[in-house]
Amino acid sequence: MPGRALRRIAVTLPTVLLISFVIFALLDAAPGDPMAQMPLTIPPDVRAAMREALGLDAPMLTQFGHWLWQFFVIEPLHLMDRLLGTGLAGESARVISWQTRAPVMDTVIERLPQTLWVVGLGYLIGVLIALPAGIYAAARPHSRFDRIATLLATLGFSLPTFFTGVLLIVVFSVGLGWFPSIYDTTLRVTSLDTLGQQLRQMVLPVSVIALYNAAQISRFMRAAMRDALQEGHIRTARAKGLSERAVVLGHALRGAMLPVVTVLALGAPQVFAGAIITEQVFRVNGLGQLLITAIQANDLPMVQTLTVIFALLIVAANLLADLAYGLLDPRIKAGVDRHHGRG
Amino acid sequence: MTTRNALFGAILGAMTSVGAAPEVWAERGSDGHLNIIYWQAPSTLNPYLSGGSKETEAASLVLEPLGRFDETGALVPYLAREIPTVANGGVAEDLTAITWVLREGLTWSDGTPLTARDVKFTADYCMDPQTGCAQRAKFDGVREVVVVDDLTVTVAFDQPTPYPYTAFMGALSPILQQAQFADCIGAAAPQCTEANFAPIGTGPFRVTEFRTNDVITMEANPAYRDPAKPAFATLTFKGGGDAASAARAVLETGEFDYGWNLLLAPDVLARMATGGTGRTVTAFGAMVERLELNLTNPAPDLPGSIRSTAAEPHPILSDPEVRAALSMAIDRALLAEIGFGIAGRPTCNLIPAPAIYASDNTACLTQDIPGAKARLERAGWIDSDGDGVRERDGIRLKLLFQTATNAVRQDFQAVIKQWWAEIGVETELRNIAPSVFFGGDPGSPDTVQKFYADVQMYANSFDGTDPQAYLAQLTCANAPRPETQWQGMNVPRFCDPAYDALIEELKTTGDLEARGRIARALNDMVTRDSHVTIPLVDRGRVSAHAATLGGVVLNSWDSELWNAADWYRIDP
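First things first, this report covers the structure right here in the doc. Quantities reported herein were computed from a predicted structural model and do not represent experimental measurements.

Notes on the interface of chain A and chain B
How large an interface is tends to be reported as the accessible area lost when its parts come together. Contacts between the two partners involve 49 residues from chain A and, on the opposite side, 59 residues from chain B. The junction of chain A with chain B conceals about 4,500 Å² of combined surface from both sides, 54% of it contributed by carbon and sulfur atoms. For the pair chain A and chain B, the interface holds 0 salt bridges. Linking chain A with chain B are 12 residue pairs in polar contact (both at pLDDT 80 or more). Breaking the side of chain A that touches chain B down by element, the ones donating at least two residues are helix H2 (44-53), helix H4 (104-139), helix H6 (161-175), helix H7 (192-229), helix H10 (276-282) and helix H11 (287-296) of chain A. Of the residues forming the side of chain A that touches chain B, the biggest block, 7 residues, is contributed by H2(A).

Topic: H2(A)
Residue and element names in this part refer to chain A. Those residues of H2 that fall on the buried side of the exposure criterion are Val46, Arg47, Met50 and Arg51. Angularly, the buried residues of H2 cover 140 degrees about the axis, an arc narrow enough to put them on a single face. Across H2 from its buried face, at more than 90 degrees, point the exposed residues Asp45 and Glu52. A positive backbone phi angle near 80 degrees is found at glycine 55, which sits one or two residues after H2.

Looking at unusual backbone geometry
All names here are of chain B. Between lysine 229 and proline 230 the backbone carries a cis peptide bond, its omega angle lying at -5 degrees. Within the secondary structure, proline 230 sits in the loop between strand E8 (215-220) and strand E9 (234-239). In the Ramachandran plot, phenylalanine 168 falls in the positive-phi region, its phi being about 70 degrees despite a non-glycine side chain. By secondary structure assignment, the location of phenylalanine 168 is in the loop between strand E6 (152-157) and helix H4 (178-181).

Topic: the nonpolar core
Residues and elements named next belong to chain B. In this structure, Ile36, Leu61, Trp100, Phe168 and Trp567 are the most contacted members of the largest nonpolar core, which totals 93 residues. The element best represented in this core is helix H3 (residues 116-127), accounting for 6 residues. Those residues in contact with phenylalanine 168 that lie beyond four places of it in its chain are Pro65, Leu66, Gly67, Trp100, Val119, Thr122, Ala123, Phe139, Val155, Ser173 and Ile175.

A closer look at the state of the cysteines
Residue and element names in this part refer to chain B. Counted according to the given criterion, the structure contains 4 disulfides over all chains. Residue pairing for cysteine 184: its cysteine sulfur links by disulfide to cysteine 192, the two sulfurs lying 2.0 Å apart. Here cysteine 184 and cysteine 192 share a disulfide; its torsion about the S-S bond, -95 degrees, makes the bridge left-handed. Residue cysteine 476 pairs covalently with cysteine 495 via a disulfide, S to S 2.0 Å. Taking the torsion about the S-S bond as the criterion, the cysteine 476 to cysteine 495 disulfide, at about 100 degrees, is right-handed.

How each quantity is defined
- Residues numbered from 1 in each chain as written.
- Chains lettered and ligands numbered in written order.
- Predicted model: local features only at pLDDT ≥ 70, side-chain atom pairs only at ≥ 80, totals over all residues.
- Heavy atoms only, no water.
- Contact = heavy atoms within 4.5 Å.
- Buried area = accessible area lost by both parts, 1.4 Å probe.
- Salt bridge = Lys/Arg side-chain N within 4 Å of Asp/Glu carboxyl O.
- Polar contact = N/O pair within 3.5 Å; in protein donor to acceptor, adjacent residues only side chain to side chain.
- Helix = DSSP H or I, 4+ residues; strand = E, 2+ residues; numbered from the N terminus.
- Buried < 20%, exposed > 50% of the residue type's maximum accessible area, 1.4 Å probe, protein only.
- Arc of directions from axis to C-beta.
- Core = buried A, V, L, I, M, F, W, Y, C linked by side-chain atoms within 4.5 Å.
- Disulfide = S-S within 2.5 Å.

As C-alpha cells, then:
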C-alpha cells in the first residue's frame, strides 16, 4: 500500500510540471494583450512603457522559469512566514498580478472564504441530496419517486445556471423580496443577526449550485446502484432472505460507491475553481470570478497561477480517489491490479 | 410591504434606517450608508497604474486633482484656489508655464498638510519611465515641475502649450501623497500593494478595506475640507457581475443606491425603471461610434510591407464618391434608437462636444438612399451584370466590414449591410474579440491599427475637454504602418497636407474662440468633406440611482462620482 501510494505520487510530479508548462505556453501563444482593456485614449508609447514595466518583453522560457521559481519556492515560503511568523522569504519578489499589481496568492486567499462557503456548501448539499435520491431511485426503478427524480435531474442538468440564477433572483429578490440578489463579501458573522444575513444571502447561490450538482451526481449514483444490484452476490443475498434495505445498503452500496467516489473526488476541485457563472450572477466574487476577470484582462500571472492550482487539486483528487478505491475494494488494497483481477 | 421591509432591513441594515435624518446637509455622516455598484470591479485604487475608468472612478472618491471638469466640461478648481489662466496671470504670456496655487489649510485624511511638494512628487512618480504610468500622456511636454513655496507649484513646458490643463486635472491625474508613495516610484511601483490599494487622499472618503476586483469599503474622511460633507458616513463600492443585474439591484430590488454604466437594451432599461425604486440618468460627452474607411489597400495577397499602407491606395474607397454614398445610405437616428436608446443620439461629427468645438454639420442626419445610388451611378459604379452589386473597371463593390464582438455592434453591422445592399454594395461581416481588436499587438492581423479590412467600426473619445491631441491623431505621420510597429491612431490612413498645417496652427493658438473655429474646420475635413470617418452615434453614459439618493449630477467629462461629497439621502 505505501509503495503504491508513493508510486502514484511520484508520477504526479512530472504531470504537474508538464501541466504548468503547457498552460504557460498556451497562454503565451494566445492572442491578447494586458493593455487591451485600457481606453484607446492611452497612447501607444505609454502602453509600451507599461508593458515593459510588467516584464512582458522577456522571452517566454525566462518568464516561465521565473514563475516556476516564484510559485513553487517563494510562495510556499511566504505562506509559511504568514502561518508561522518566520522570515524565510525575505524581500524576494512574489507572483504579482498584472491587473492589480498585488501578489496573486493574497487575492486567492482573500477569495477562498466565499468560494468555500457558497460553492462548497452547494456541492455538499448537492451530494447529500443526490446520494440518497440516487440510491432510492435505483432500488425502486420506474416508481413514481424515480420518475420525479429523473424529471428534476433532467431539469437541473439542462437548465444553465445563468438561467436558474436569474430566475431565482427575479422571483425571490425582485418579486418577493425575500433574499438579496447580491452577495456581500464584507459581511462578518459576529452575531446571530449577521449569521442570519449570511444564511439569507447564501440561499439563492447555494440552491443554484446544489441543484446542478445534485442533478449530475444523482444520475451517477442511480446508474451505479442499478449496476451493482445486477451482480451475482446480490442475488445470493436476496436468496438468503435478507431484507431489501439490508441488500441495498449492506451489500450493493459498497460496490456502487466505487465509480461514484471517482465522480465525487474529481468534482471536489471544482469547488475551488468556483462556479464561474453562479459567482458572476450573484456577485459572490470568489475564485471563479477571479479567474474569469483575469482571463478577460489577459492577466497571465493570475490565470497561470489559478489554473495550475486547479490542476494540482485535480491531480490530488485523482490520487485520493485512487487511494479510496483501496478502502472500498480490498482487491485493490491487496495489490491486485484491477485490470487483471477483475478481467 | 412590511415583510419586504423586514427582510431588506436585515440585509441593508444601516442603509434603510438612515432615512430618519431630517436635515441631509447639516452634518457629516448624518445620512448613514451609501451603496454603489460598478459591474466591473476595480483592481487597484491607483489611477496611475491602471487606465481603466472603473479604477479611476473608484479612486476619485479618495484622491482629488487640482481641478475637475464639471458636467458642462468647464474647469472647476478643487485643490487649487482657482483655475490659472492667462487673464489671471496663472498661465505665462508665452504659454510655456502654468502656476497652480493650492487652497490654504488642506490636509490629507491622515491629518498631515497637503503641500506643493506632493504635487511635484505626483509628476515625478508618473514621469519616471520605470513606473509604467498609464497617465504618462498627461505629462507630455512637461519640462519640469517646480515647487515655488508650500502652496505654489509651476509646471514648465518644453514649448508653448495653449492647453495646459492636462497634468493634475480631472479624475485621471489626481495628487498622490508623497509620504505614502515616496518608496513606490519607478520599478518599485507595482510592489507597493498597500499604498496602491488604500491611497491616502484629500477627497470626501477614505478607504477602510480594499478587496481587489471585488469590493471596497470606505468611510467619511474626517479631515475633509468642508466640515458638513460628505453626508454619508460609510460606503460600500461593490464590483463585478454584469450590467443587467447591476441595473436590477438599483432599479428593481433597491439594494444599491447608485449603478454605473448601465448600457442595456433600451427597452430593458426603460421597463426596469418603471417601478419607481430608482431612475436612470444620462450625460453626453465626446464618445462617438464611427465607421472608419480604409484609404489603403488591405488585399491579403499584397506583401506585409505594402498591405494596408499608403504604398497602395484602396481600389474602391479611394474614390470619394463611394465614401460619400456609404455615409448617405445610413439612417443614424435608427441606429441610435436600436443600439443605445436614451444614451445615444445621431451625429455627423467626430467632435460632438463641448459646444465650442462642435461643428453645425447635420446634413448626414437624413438617410438618402436614392441620392447615394445617384452618386455611385455618376461615378461610374454600375451593376452591369444584374447581380445587385455594382462594379467599375472589373472591380466589384464588395467590402469587408469588421468590428469588435459586441451585441450592439453586430446589430449595427447587420442593418448597415442591409442599407448598403440597397445601394448596390456587397458587405462581408466579421467580428473580432475585443481584447484582440483593441489589443494593439503588432503581431496580430486583427487589430484596429492594422486594419486588414475595408471598413471598421468602434468608438473612441478624448480625455478632458480639449480635442487637440485627438484631432492630431489624423495627421499623415500617425498612420499605422510596419515602420511604426503598426502604432498610431490615424486608422483610416488619411493624409492631407492642409489638415496637417491646420493642426500646427491649432497647436500655437491660445485663444479659445480661435481654437474652436480651427477644431470645427478639422472635424469637417475628415467627416463632411471627405467621409474618411463616418460618425454614427454620439454615445452618452447611462447610470442609475435610487429615488432616495439626491445630489447626483452625471458628468461625462470627469469621474461619475466627481461630486459624491454633495450626495445625500432624500427622505422617502
